Amino acid sequence: MKKIIYSICIAALAFNACSVNKNIKTDNSQFPSFSAEAHRGGRGLMPENTIIAMKDALTYGNITTLEMDTHITKDGKVVVSHDDYLSPSFMRLPDGKDIPAKDAKKYAILNMTYDYLKTFDNGSKPNKDFPQQKKIKTYIPLLADLIDSVQHDIKINNRKQYFYNIETKSTEKGDDITNPKPEVFVKLLMDVIESKNIIPYVVIQSFDKRTIQIIHKKYPKVRTSYLVSNKKTYEENMADLGFKPFILSPNSNMVDAELIKKAHADGVKVIPWTVNTKEEIEKLRNLKVDGIISDYPNLL
């Protein structure tokens, strides 16, 4: 593990290892009856996981929730980014040149300080998968800065309070290589969220069940979402996780009436991803899903 991250976290982890965080406060904030979520801020329209994408998503009246991904840098900063390594498909070097394909696994976020990471361009290169996406030179933001920007926009424009669906991008095989171990990741992430006083409006989601298991145990007032894309039954996925999350977030291809019926019987919401056509959205709405995650907030 990177020594610098351990130096930030180990003492705090040791102190809290066996205790539930009792300082978390929540209120009676009501989760949306239908959570319309802008995936990565709406990457079909704006550069993904950026402040400008999140603020753009706020302008679509039916959007209730901003979906995003988080990674940890070498110096222990929580940043909003999806990929373990900076992607040649849409990132550019600090000098404006494209990242060569051969360097697809050269720039691991965990191996970069935030000051260096911020110099890369995350918005001006055309993304062939999203031809409608506006091209604006921008950067990978700190989660703290993104939250500040969104909350400021909400205040000055007298908007409703939006929810944050925040994913921990981690895997067991990536431990100490592309992500810190789950205890460290969760501690760094929750430190930011607690400092911004937005716990009532946060969902922590992950494919990595370890991180949301920690959230469930140590931060029981924080909503969790289990991301899945497999051929397991509802019961098998719940058994794997070991508790009933607030949300089950399956690949949209997994969703049928039976899954929704079983989840709802357990009090678990079903919010599938990533749904990018009006036809798919209508089909899932008719099945009574509890929300939809889409790259195109304008469709929601």
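*Asks:* Would you take a moment to explain the overall build of the protein for this structure?
*Replies:* Broken down by element type, the protein carries 9 helices and 9 strands. Taken against the 2.2 N^0.38 rule, which gives 19 Å for 300 residues, the C-alpha radius of gyration of the protein at 19 Å falls within 12% of a compact globule. C-alpha atoms of the protein, sized along the principal axes, occupy 55 × 50 × 45 Å. Burial status across the protein gives 55% buried among its 300 residues. For the protein, the share of sequence-separated contacts (at least 6 apart) that also reach a separation of at least 24 residues comes to 62%.

*Asks:* What's the story with the side chain of Q205 in this structure? I'm lost.
*Replies:* Structurally, Q205 can be placed in strand 5 (residues 202-206). Take Q205: its relative accessible area is 0%, and that puts it in the buried class.

*Asks:* I'm lost on the pattern of salt bridges in this one. Help?
*Replies:* Where charged atoms of side chains with opposite charge meet at close range, the side chains can pair. Here the structure, examined in full by the defined rule, presents 18 salt bridges. One salt bridge connects D208 with R210, and the closest N-O pair in it is separated by 2.8 Å. Across this residue pair, the class does not change: D208 and R210 are buried. Three or more residues joined by partner-sharing salt bridges are found here, namely R40, R43, E48, D69 and D295.

*Asks:* What is the right way to look at the layout of surface pockets in this model?
*Replies:* With a probe scaled to a water molecule rolled over the atoms, the places where space remains empty come into view. One number sums up the size of the largest pocket: a volume of about 340 Å³. Together, 21 residues line the largest pocket, and D84, S170, T171, K173 and T178 are the ones closest to its centre. Split by residue class, the lining of the largest pocket holds 4 nonpolar, 7 polar and 10 charged.

*Asks:* Help me understand the packing of aromatic side chains, please; the structure alone is not making it clear to me.
*Replies:* Geometrically, a pair of aromatic rings is defined through the distance of the ring centres and the angle of the planes. Counted under the stated rule, the structure contains 6 aromatic pairs. Plain terms: the ring middles of Y116 and F120 are 5.2 Å apart, the flat faces sit at 75 degrees to each other, and that makes the pair edge-to-face. For F120, a relative accessible area of 1% corresponds to the buried category. Linked through ring pairs, F31, F163, Y201 and F246 together constitute an aromatic cluster. Over the ring of Y139 we find K118; its NZ or CZ atom is 4.8 Å from the centre of that ring. Between the NZ or CZ atom of R223 and the centre of the ring of F246, over which it lies, the distance is 5.2 Å.

*Asks:* Help me out: how do you make sense of the nonpolar core in this one?
*Replies:* Across soluble globular proteins, nonpolar side chains have a tendency to be buried as a group. Membership of the largest hydrophobic core comes to 58 residues, with the highest contact counts inside it found for M68, L143, Y164, I166, I193 and I204. Considering each element in turn, this core owes the most residues, 8 residues, to helix 5 (residues 182-195). If we ignore the near neighbours within four places in the chain, the residues touching I204 are I166, T168, L189, I193, I212, I215, V222, R223, T224 and S225. In terms of nonpolar packing, the next biggest core, distinct from the first, is built from 14 residues, V79, Y107, M112 and F120 among them.

Thresholds applied
Residues numbered from 1 in each chain as written. Predicted model: local features only at pLDDT ≥ 70, side-chain atom pairs only at ≥ 80, totals over all residues. Heavy atoms only, no water. Helix = DSSP H or I, 4+ residues; strand = E, 2+ residues; numbered from the N terminus. Rg over C-alpha atoms; globule rule 2.2 N^0.38 Å. Buried < 20%, exposed > 50% of the residue type's maximum accessible area, 1.4 Å probe, protein only. Contact = heavy atoms within 4.5 Å. Salt bridge = Lys/Arg side-chain N within 4 Å of Asp/Glu carboxyl O. 1 Å grid on protein atoms, 1.4 Å probe; cavity = no way out; pocket = protein on both sides within 12 Å on 5 of 7 lines; lining within 4 Å. Points joined across faces, edges and corners; volume = space filled by probe spheres on them. Nonpolar A, V, L, I, M, F, W, Y, C, P; charged D, E, K, R; others polar. Phe/Tyr/Trp six-rings, centres within 6.5 Å; stacked < 30°, edge-to-face > 60°. Lys NZ or Arg CZ within 6 Å of the ring centre and 35° of its normal. Core = buried A, V, L, I, M, F, W, Y, C linked by side-chain atoms within 4.5 Å.

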